[in-house]
Amino acid sequence: DQQVKQNSPSLSVQEGRISILNCDYTNSMFDYFLWYKKYPAEGPTFLISISSIKDKNEDGRFTVFLNKSAKHLSLHIVPSQPGDSAVYFCAATDSGGGADGLTFGKGTHLIIQP
Amino acid sequence: GAGVSQSPSNKVTEKGKDVELRCDPISGHTALYWYRQSLGQGLEFLIYFQGNSAPDKSGLPSDRFSAERTGGSVSTLTIQRTQQEDSAVYLCASSLIPDYNEQFFGPGTRLTVL
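Residues numbered from 1 in each chain as written. Chains lettered and ligands numbered in written order. Predicted model: local features only at pLDDT ≥ 70, side-chain atom pairs only at ≥ 80, totals over all residues. Heavy atoms only, no water.

Engineer: Pulling in residues and values, what's your account of the overall build of chain A?
Structural biologist: On a plain count of helices and strands, chain A comes out with 0 helices and 11 strands. Reading the helices (α) and strands (β) of chain A from amino to carboxyl end gives β-β-β-β-β-β-β-β-β-β-β. For 114 residues, the compact-globule estimate of 2.2 N^0.38 gives 13 Å, and the C-alpha radius of gyration of chain A, at 14 Å, lies within 12% of that figure. Its C-alpha atoms put chain A at 40 × 30 × 20 Å along the principal axes. Of all 114 residues assigned to chain A, the portion counted as buried reaches 45%. When the accessible area of chain A is evaluated, it comes to approximately 5400 Å², of which 49% is carbon and sulfur surface. (Helix = DSSP H or I, 4+ residues; strand = E, 2+ residues; numbered from the N terminus. Rg over C-alpha atoms; globule rule 2.2 N^0.38 Å. Buried < 20%, exposed > 50% of the residue type's maximum accessible area, 1.4 Å probe, protein only. Areas by Shrake-Rupley, 256 points an atom, 1.4 Å probe, with all protein chains shown as cover.)

Structure follows, in structure tokens:
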């Protein structure tokens, strides 16, 4: 049973436009959410996170929105740049500390078209 | 300083053989995590170390899998009697404390069991 779902395996966006990546979760115990970015042959790198006490967190071109009632979060990238082409993973955890690790979605492959 | 390193980067083995995967976390990071990513799947959490101890080993897929960490630093993941379904990328991550804010990932070891 997948607790973190990214229903779009891939997404193609024109350079300069907004990229919106979506993520849904089922475990109501999750209270911290992260986005990781992964290039081929590299490990995932942390991008941005949000606590369940917030509904928005912004860092430069990246904004994460959290809708707790819908158990949904999204990552907005604006404007999209060619270097943003990568696989984006949504991850979640509860406040139990590190022992449970992070629960990841399957990822969305973002392709930025010139 | 250096990031998380893993060795080997690629490992091809025959079914039934044992393999050992190594992770060198970032110096000073007390928490260490192992994940694996099978083809088309998200990252699956395997085990977490706080210092040298792993409080919960239930995430390991079977009793053929074991992990240890010595000196609060290097960790090895051992798979005995490998099976084809063990083929995956095995990722190691570390964090300064067992905090969900940010885990730093290594590049992974791609294991192929023939």
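Engineer: Would you mind going over the pairing of strand β7 (residues 75-79) of chain B in detail, with residue names and values included?
Structural biologist: For a regular strand, side-chain orientation follows a simple rule: the groups alternate between the two sheet faces. All names here are of chain B. Counting buried residues in β7 gives 5 out of 5 residues, a clear majority hidden from the surface. Taking every second residue as pointing to the same face, both faces of β7 are buried, with Ser75, Leu77 and Ile79 on one and Thr76 and Thr78 on the other. In this structure, strand β3 (residues 19-24) lies alongside β7, joined through 5 bridges in antiparallel fashion. Pairing of Leu21 across the sheet is with Leu77, part of β7. The antiparallel hairpin formed by strand β6 (residues 65-69) and β7 contains 5 residues in its connecting segment, where Gly71 sits at a positive phi of about 65 degrees. (Pairing = 2+ DSSP bridges.)

Engineer: Account for the interface of chain A and chain B, naming residues and giving values.
Structural biologist: Taken together, the 22 residues of chain A in the interface contact 18 residues of chain B. Counting the contacts that link chain A with chain B gives 0 salt bridges. There are 2 residue pairs in polar contact (both at pLDDT 80 or more) connecting chain A and chain B. At the level of secondary structure, the elements contributing two or more residues to the side of chain A that touches chain B comprise β4 (32-38) and β9 (86-93) of chain A. Classifying every residue of the side of chain A that touches chain B gives 10 nonpolar, 7 polar and 5 charged. (Contact = heavy atoms within 4.5 Å. Salt bridge = Lys/Arg side-chain N within 4 Å of Asp/Glu carboxyl O. Polar contact = N/O pair within 3.5 Å; in protein donor to acceptor, adjacent residues only side chain to side chain. Nonpolar A, V, L, I, M, F, W, Y, C, P; charged D, E, K, R; others polar.)

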